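Listed here are the chains, written in short residue letters.
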2 protein chains.
Amino acid sequence: MRILDIRDATESIRSGIRNAFIDFSAMTVSAVAVATDAVRDGRPVIGFGFCSNGRYGQSGILRERFLPRLRAAAPDSLLDDSGGNLDPFKLRACYLGNEKPGGHGDRAVAAGALDMAIWDAVAKTAGLLLWRLLSQRYNDGKADDRAMVYPGGGYYYPGKDLTALQDEMRRYGQQGYRVVKMKIAGAPLAEDLRRIEVVIAVLGEGGRLAVDANGRFDLPQALACGEAMRPYVLFWYEEPLDYRGHAVLAETYPGAIATGENLFARIEAVNLLRHAGLRPDRDWIQVDPALAYGLTEYLGVIETVEAHGWSRRRLIPHGGHQLALHAAVGLQLGGAEAYPLAFQPFGGFADDCRIVDGHAHPGERPGLGIEGKAELYAIFRKLVGK
Amino acid sequence: MRILDIRDATESIRSGIRNAFIDFSAMTVSAVAVATDAVRDGRPVIGFGFCSNGRYGQSGILRERFLPRLRAAAPDSLLDDSGGNLDPFKLRACYLGNEKPGGHGDRAVAAGALDMAIWDAVAKTAGLLLWRLLSQRYNDGKADDRAMVYPGGGYYYPGKDLTALQDEMRRYGQQGYRVVKMKIAGAPLAEDLRRIEVVIAVLGEGGRLAVDANGRFDLPQALACGEAMRPYVLFWYEEPLDYRGHAVLAETYPGAIATGENLFARIEAVNLLRHAGLRPDRDWIQVDPALAYGLTEYLGVIETVEAHGWSRRRLIPHGGHQLALHAAVGLQLGGAEAYPLAFQPFGGFADDCRIVDGHAHPGERPGLGIEGKAELYAIFRKLVGK
């Protein structure tokens, strides 16, 4: 078996939404296709992958560094011991060759897209759904029937009033979600509290609402907001701060804290566990494999979390994509974010994925199952010229 | 005043050298030119900049994200209050617009190259050497006559035996350097100790030798190496570890520790100061402005260091480039790395820069003075078509 071709394209996911830090008016992602000479069910195996939203496409790093290294490698050096499938760890060692440690940013995003396509190809070559392959190889065959999912929504949007925010949350409820998330910290505190209250009025209880500050606060603001939100008993309070700020907040805010979408490597998860004062009985870690060197690195994040005495159930990847859902089910994580409305067509799960009582399953197609998401599959078909 | 054009090129600095982590067989940097309509001494003002070595050129991020944002901005919005010069902080806010916090890697490198070119243009427009402009604006007019510099050398190199290593160190001595640096952690400990000993035999004392492990060690290795090197009383022990590893090492290794070339933002310097147990009376922080969002961010690093009770004299930027030398003199830092042999023509100072008793001065040309480095200036002349 060998890789015939790897292609990437930069695709727009622009929209009018805004969080506390950025708008998404020029947001892009990288789509990557790994074409192999393997054939399954009469069709050539091609792996598809993409990076998560929020960090832009990474064609420069892919084309100038990663892909030339893979092309220069001896094909057999990228295969598993059987010679019958790709080995994602050997591929990673190759395309990250001669990269210095540290500086985990855009490079991790580029690797996230490429690694996703590689795992899709590996699972398809093995004739397995990705979640089942992950379960067999890395979880003693155990898996969950479904994963808890919550929509990342409630963005700031030009002209979006409180009624529109309530309508959005009602839609999520109609779609089957239980817990929903909204953005805060992009408006004065009093206004954010009003937004939170009207959403709780729709949901019926604060325990169904997570709020996301996107790292916008300084410590006094984070503490003041935490104090003001305390009576709501929210599902979680996301990304208020830096490591030490989290440690201070955790001493005064009794509710759950979630963070990690801006940590891009296993070593950054280690620093978080060492220095951020997070509490293993309630807090959440959101490292996103599609931004942080892919599943290959994420398996190490799981190891790290467990080595520190935490349960992997405290992991709930950011990103709202099919990869996170496979990982959540096959590796028995705490759940996954969902993007039923945002970042289409890269956001969201397979078209036939139904949300039942706030839970989802990645479906029954081999690999990642991007073929079951028509609009996204069309992008990849165009990329590979089919 | 306005910007007429910004161009970038990816230039090779490939070589056969190797540190404990990577080789430099395909290393590149980004060269950036900012052309303005300002005229000084009858010539148009063009700012030149580049990123430091070790992290590859960044044309993708520059061309896809930073430069389009600058081109879309109203020209007056990028000027200082007088309207007569560019404002690096306004430019930065523009080209980093809609970038999420965290993930400080390749993006910081791209910004480092662009920011350097902007400061070069600003100083030239002001008719000032960059170090003097920095001194006037940010250091109450104070400056040093010269900065301590040390060559980053002693790389692993195919076929390089102990005699060649000694010859390299002798050359640095003949060039006027006092303190020199060599790589370790790329060979077994016994071999590295032998390498260290033959270099000390040339230098006469361990206090003139810094060693650089490039983040290769785990904690047991770092402690064992520190214990073995203790009798040499070295100038410093660089990049043994992660934050907590440094904190553990600092409790047992009495000599100086240096680190920071792989920290790419002010917040990462904050984390280092909070969590790495470094000692303000002896340890060194090597954040490199040409890898870490440029001088604009570096001024914040200085603030941070002083806010934590450290002297700015403990700052000694990585990178071996003219920018670090200007910063060291004009902002009165502890010194700067030098690359008399490596990473040419981007490494090293102006051609007429003389090292005297281990110190250097950035020279007398306006701006960064890249015009005084003939081979490097030729690259930029080609970039701007002149």
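Quick caveat: nothing in here was measured; it's all calculated off a predicted structure.

Q: I'm lost on the overall build of chain A in this one. Help?
A: The number of helices and strands found in chain A is 12 helices and 11 strands. Taking 2.2 N^0.38 as the reference for a compact globule, 386 residues should give roughly 21 Å; the C-alpha atoms of chain A span a radius of gyration of 20 Å, in line with that estimate. Counting only C-alpha atoms and orienting by the principal axes, one finds that chain A spans roughly 60 × 40 × 40 Å. Counting all 386 residues of chain A, 55% fall into the buried class. The long-range fraction of contacts in chain A, counting pairs at least 24 apart against all pairs at least 6 apart in sequence, stands at 71%.

Q: I tried to follow the nonpolar core on my own but got confused; where do I start?
A: In summary, soluble globular proteins display a tendency toward joint burial of nonpolar side chains. Residues and elements named next belong to chain B. Ranked by size, the top nonpolar core spans 127 residues in total, and within it V34, L114 and A117 carry the most contacts. Per element, the largest residue contribution to this core is 13 residues, and it comes from helix α3 (residues 106-125). Residue contributions to this core reach at least three from each of two domains, namely domain 1 (3-128) and domain 2 (137-367). Those residues in contact with A117 that lie beyond four places of it in its chain are V32, A33, V34, G47, F48 and G49.

Q: Explain the sheet that holds strand β6 (residues 209-212) of chain A to me, please; I cannot follow it from the model alone.
A: Pairing between sheet strands relies on hydrogen bonds along the backbone, with the strands arranged either parallel or antiparallel. Residue and element names in this part refer to chain A. The parallel open sheet is built from five strands, whose spatial order is β5-β6-β7-β8-β9. A single partner strand is all that each edge strand has here, and the edge strands are β5 (180-183) and β9 (284-285). Alignment of β5 against β6, held across four bridges, turns out to be parallel. Of the residues in β6, the one forming a bridge with K183 is D212.

Q: Could you clarify how one ought to interpret the relation of the copies chain B and chain A in this entry?
A: The relation between the two chain copies is a rotation about an axis coupled with a shift along that axis. Placing chain B over chain A gives an RMSD of 0.0 Å and needs a rotation angle of 180 degrees, together with 0.0 Å of translation along the axis. Read as a symmetry element, the transformation amounts to a two-fold axis.

Q: Before we go on, may I ask you to explain helix α3 (residues 106-125) of chain A in this structure?
A: Because an α-helix packs 3.6 residues into every turn, residues spaced three or four apart end up facing the same way. Residue and element names in this part refer to chain A. With 20 residues, α3 should cover 28 Å at 1.5 Å per step; its first-to-last C-alpha distance of 29 Å lies within 8% of that length. Across the 20 residues that make up α3, a large majority, 20, are buried. In the stretch just after α3, G127 is the one whose phi turns positive, near 70 degrees.

Q: Mind showing me how you'd approach the domain arrangement of chain A here?
A: The accessible area lost on association of the parts is a frequent measure of interface size. All names here are of chain A. Here chain A is partitioned into domain 1 (3-127) and domain 2 (137-375). Computed from C-alpha atoms alone, the centre-to-centre distance between domain 1 and domain 2 is 24 Å. With 32 residues of domain 1 in contact, the opposing surface of domain 2 contributes 36 residues. At the level of elements, β3 (43-50), α2 (88-95) and α3 are the ones that each hand at least two residues to the side of domain 1 that touches domain 2. Looking at the side of domain 1 that touches domain 2, the element that brings in the most residues is α3, giving 10 residues. Its residues assigned to classes, the side of domain 1 that touches domain 2 shows 16 nonpolar, 10 polar and six charged.

Q: Would you explain unusual backbone geometry in this entry?
A: Backbone geometry follows two general trends: most residues other than glycine have a negative phi, and most peptide bonds adopt the trans configuration. Residue and element names in this part refer to chain A. Residues Q344 and P345 are joined by a peptide bond in cis, for which omega reads 0 degrees. In this structure, P345 sits in the loop between β10 (336-338) and β11 (359-360). In this structure, Y56 takes a positive phi of about 75 degrees despite not being glycine. Along the chain, the position of Y56 falls in the loop between β3 and α1 (59-72). With a phi close to 50 degrees, E239 is a non-glycine residue in the positive phi region. Of note, E239 is situated in the loop between β7 (236-238) and α8 (243-252).

Q: Explanation requested: the interface of chain B and chain A in the structure shown.
A: Taken together, the contact between chain B and chain A spans 34 residues of the former and 34 residues of the latter. Secondary structure elements with two or more residues in the side of chain B that touches chain A: α1 (59-72), α3, α8 (243-252) and α9 (266-275) of chain B. Looking at which element gives the most residues to the side of chain B that touches chain A, the answer is α1 of chain B, with five residues.

Q: When you look at the sheet that holds strand β11 (residues 359-360) of chain B in this model, what are you seeing that I'm missing?
A: Residues and elements named next belong to chain B. In spatial order, the strands read β10-β4-β11; together these three strands make up an open sheet with mixed pairing. A single partner strand is all that each edge strand has here, and the edge strands are β10 (336-338) and β11. Of the pairings in the sheet, the one linking strand β4 (residues 147-151) to β11 comprises two bridges and is antiparallel in character. Bridging from a neighbouring strand, M148 pairs with H359 of β11.

Q: Quick question: what am I supposed to make of helix α9 (residues 266-275) of chain A here?
A: Listed as buried for α9 of chain A are R266, E268, A269, V270 and L272 of chain A. Where α9 of chain A is buried, its residues contact α8, β9 and α10 (294-307) of chain A.

Q: Looking at this structure, I do not really get the confidence of the model for chain A. What am I missing?
A: Any residue range with low pLDDT should be treated as having predicted coordinates unsuitable for detailed reading. Looking at chain A as a whole, the pLDDT averages 96, with 100% of positions reaching at least 70. Scored by ipTM, the complex comes to 0.91, with pTM at 0.94.

Q: Explain the environment of D167 of chain B to me, please; I cannot follow it from the model alone.
A: Residues and elements named next belong to chain B. Here D167 shows up in helix α5 (residues 162-175). Owing to 12 C-beta atoms within 10 Å, D167 belongs among the exposed residues under this scheme. Separated by 32 residues in the primary sequence, D167 and V199 place their C-alpha atoms 9.3 Å from one another.

Q: When you look at the environment of A307 of chain A in this model, what are you seeing that I'm missing?
A: Mapped onto the fold, A307 of chain A is located in helix α10. Along the backbone, A307 of chain A and V270 of chain A are 37 residues apart, and their C-alpha atoms lie at a distance of 9.9 Å.

Q: I'm lost on the environment of P254 of chain B in this one. Help?
A: Relative to the assigned elements, P254 of chain B resides in the loop between α8 and β8 (257-259). Separated by 15 residues in the primary sequence, P254 of chain B and E239 of chain B have C-alpha atoms spaced 15 Å apart.

Q: Sorry if this is basic, but what is going on with the packing of helix α6 (residues 189-203) of chain B against helix α7 (residues 219-229) of chain B here?
A: Residues and elements named next belong to chain B. Running from amino to carboxyl end, α6 crosses α7 at an angle of 35 degrees, the nearest separation of the two axes being 11 Å. Along this stretch, α6 crosses α7, giving a crossing that reads as right-handed. Contacts from L189, L193 and I196 of α6 reach α7 at A224, C225, A228 and M229. For the contact of α6 with α7, the residue count by class is seven nonpolar, no polar and no charged.

Procedures and definitions
- Sequence order as written defines residue numbering, which begins from 1 separately in each chain.
- Numbering of ligands from 1 and lettering of chains from A proceed in the order in which they are written.
- Two thresholds apply to this predicted model, a pLDDT of at least 70 for residue-level local features and 80 or more for giving and counting side-chain atom pairs, whereas whole-chain, interface and lining totals are computed over all residues.
- A run of H or I in DSSP counts as a helix once it spans at least four residues, and a run of E counts as a strand once it spans at least two, with each numbered from the N terminus.
- Radius of gyration here is computed from C-alpha atoms only, and the compact-globule reference equals 2.2 Å multiplied by the residue count raised to the power 0.38.
- Counting other C-beta atoms within 10 Å of each residue's C-beta, where C-beta atoms are placed from the backbone, gives the exposure class: buried for 20 or more, exposed for 12 or fewer, partly exposed between.
- In this description, any two residues whose backbone-derived C-beta atoms lie within 7 Å of each other are considered to be in contact.
- Take the buried Ala, Val, Leu, Ile, Met, Phe, Trp, Tyr and Cys residues, join any whose C-beta atoms are within 7 Å, and the set you get is a nonpolar core.
- The split of the chain into domains comes from an automatic or database domain assignment.
- A pair of strands is considered paired only if DSSP assigns at least 2 bridges between the two.
- The copies are overlaid by a least-squares fit using only the C-alpha atoms of residues whose pLDDT is at least 70 in both copies.
- Under the convention used throughout, the expected extent of a helix is 1.5 Å for every residue step, that is, one less than its residue count.
- Residues are grouped as follows: Ala, Val, Leu, Ile, Met, Phe, Trp, Tyr, Cys and Pro are nonpolar; Asp, Glu, Lys and Arg are charged; all remaining types, including Gly, are polar.
- The quantity known as pLDDT measures the predictor's confidence residue by residue, on a range of 0 to 100.
- Angles shown run from 0 to 180 degrees and are taken between the N-to-C directions of axes, each axis being a line fitted to C-alpha atoms and, for helices, limited to the stretch in contact.
- Rotating anticlockwise by less than a right angle from the far helix to the near helix defines a left-handed crossing, while the corresponding clockwise rotation defines a right-handed one.

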